[in-house]
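Observations on the three-dimensional arrangement
Take a look at the letters that make up each chain.
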Amino acid sequence: MFNAKAFDLSDALSAFDEEGVAIVTNVLLPAELQDIRDAVEEVIATDRARGEQLTGFSYDPDDRNIRIRDLVLKHEAFRGLVENPLALTFVEHALGEDFRLSNFSGNVTGPGSRRMYMHADQGFVPAPWPPYPFAINIGWAIDDFTFENGGTVYVPGSNHKSHGPAPEGGYPDEKAIECPAGSFFAIDGRTWHQTGDNLTTDQSRTGLFAYYVRSFLILQRPWYRFVSPELEGKFTPSLWNMMGMDIGEIPTLRSSKADAS
């Protein structure tokens, strides 16, 4: 585990390369954390009022996980996270300078929820995989992550495998990511992992996940389809590029969509 106030970046990147996961603590200030918690509650309430699906997804074994998506479009508090310079150091280390933001979602794991299936975030890549990742996930711990409350479970060193895991998991060397609220953890796209079991009766665990991929891949979220005219002025040029769009490109894309409909 690494403390952002006093840690060796080269050691953190080495741990990422070796184990497939690196944790950086004390990144967000208490006031920033509270703003993000408030934004998560606001998004959940708004999505629920709109009738958007929040629970019961096919990859969850029960309906106790709340999942939200498209967070960069829904609140300004989330946009700074995807451009956090320290987090992007890990992204560039894994993918190079030319990468894209494929998705930014949230997972609120409720008391008693069971773990999702074991997977790797580049499971769409046919095996055998090359010796470098196609993707990286930056997970933001908005609450403390512990083994008991469903901290993400992973298999250390599985990033050196050339294929994905068995969905049922149960690997003897798996371990939970444990870190305090305000931390982030970087997960190599090849690393085998899953949402853990929430063994508590009274704790929810909120994690936000910024998913970055190499620029030649199709994004999970085609952002140009969802960006409203009201939002166009609220993104930095670097975030536009990260979302696969250049300044001045949006009107053209929107017109193309209209022409096709």
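Residues numbered from 1 in each chain as written. Predicted model: local features only at pLDDT ≥ 70, side-chain atom pairs only at ≥ 80, totals over all residues. Heavy atoms only, no water.

For the coordinates displayed, the defined rule picks out 11 salt bridges. As a salt-bridge pair, E174 and R115 come within 2.9 Å of each other at their nearest N and O atoms. Taken together, the positions of E174 in the loop between β6 (153–154) and β7 (175–176) and R115 in the loop between β4 (99–109) and β5 (135–141) put the pair 59 residues apart, joining distant regions of the chain. Look at R115 and you get partly exposed, because its relative accessible area is 25%. Linking R190 and D188 is a salt bridge whose minimum nitrogen-to-oxygen distance equals 2.9 Å. What emerges from the salt-bridge pattern is a single network uniting D47, R50, E52 and K74. (Salt bridge = Lys/Arg side-chain N within 4 Å of Asp/Glu carboxyl O. Helix = DSSP H or I, 4+ residues; strand = E, 2+ residues; numbered from the N terminus. Buried < 20%, exposed > 50% of the residue type's maximum accessible area, 1.4 Å probe, protein only.)

Right, let's talk about unusual backbone geometry for a bit. Put simply, A127 and P128 share a cis peptide bond, and its omega is 5 degrees. Locating P128 in the fold gives a position in the loop between β4 and β5. Of note, N26 is a non-glycine position whose phi angle comes to about 55 degrees, a positive value. For N26, the position within the fold is in the loop between β2 (21–25) and α2 (30–50).

Let us look at the nonpolar core. Grouped together as the largest cluster of nonpolar side chains are 63 residues, with contacts concentrated most on F90, I138 and Y212. Counting 10 residues, the second largest nonpolar core, distinct from the first, contains I23, I177, F185 and I187. (Core = buried A, V, L, I, M, F, W, Y, C linked by side-chain atoms within 4.5 Å.)

So, on to the packing of aromatic side chains. This model, assessed by the stated rule, comprises 12 aromatic pairs. For the pair F99 and Y212, a centre-to-centre distance of 5.8 Å together with 80 degrees between the ring planes defines the contact as edge-to-face. Of this pair, F99 sits in strand β4 while Y212 sits in strand β10 (residues 205–214), and the two are 113 residues apart along the sequence. Among the residues examined, F99 registers a relative accessible area of 7% and is labelled buried. A ring pair is formed by F134 and F216, whose centres lie 5.9 Å apart and whose planes are at 85 degrees; its orientation type is edge-to-face. (Phe/Tyr/Trp six-rings, centres within 6.5 Å; stacked < 30°, edge-to-face > 60°.)

Two elements in contact, helix α1 (residues 9–19) and helix α5 (residues 85–95), have axes whose closest approach is 11 Å; the angle formed by their N-to-C orientations is 50 degrees. With respect to α5, the element α1 is oriented oblique. As α1 packs across α5, the resulting crossing turns out to be right-handed. Listed contacts from α5 to L9, A12, L13, F16 and D17 of α1 are L86, T89, F90, H93 and A94. Partitioned by chemical class, the residues of the contact of α1 with α5 number seven nonpolar, two polar and one charged. (Axes fitted to C-alpha atoms, helices over the stretch in contact; angles between N-to-C directions. Parallel < 35°, antiparallel > 145°, perpendicular 65-115°, else oblique. Left-handed = near helix turned anticlockwise from the far one by under 90°. Contact = heavy atoms within 4.5 Å. Nonpolar A, V, L, I, M, F, W, Y, C, P; charged D, E, K, R; others polar.)

In this section: the layout of surface pockets. Quantified by volume, the largest pocket comes out at close to 810 Å³. When contributions to the lining of the largest pocket are tallied by element, the ones reaching two or more residues are β3 (65–68), β4, β9 (193–194) and β10. Broken down by element, the residue count for the lining of the largest pocket peaks at five residues, all from β4. Partitioning the lining of the largest pocket into residue classes produces 11 nonpolar, 12 polar and seven charged. Its boundaries defined by the atoms lining it, the second largest pocket holds a volume of some 160 Å³. The wall of the second largest pocket is formed by L28, E32, D35, I36, A77, G80, L81 and N84. If you list the elements that add at least two residues to the lining of the second largest pocket, you get α2 and α4 (79–82). If you tally residues by element for the lining of the second largest pocket, the top one is α2, at three residues. (1 Å grid on protein atoms, 1.4 Å probe; cavity = no way out; pocket = protein on both sides within 12 Å on 5 of 7 lines; lining within 4 Å. Points joined across faces, edges and corners; volume = space filled by probe spheres on them.)

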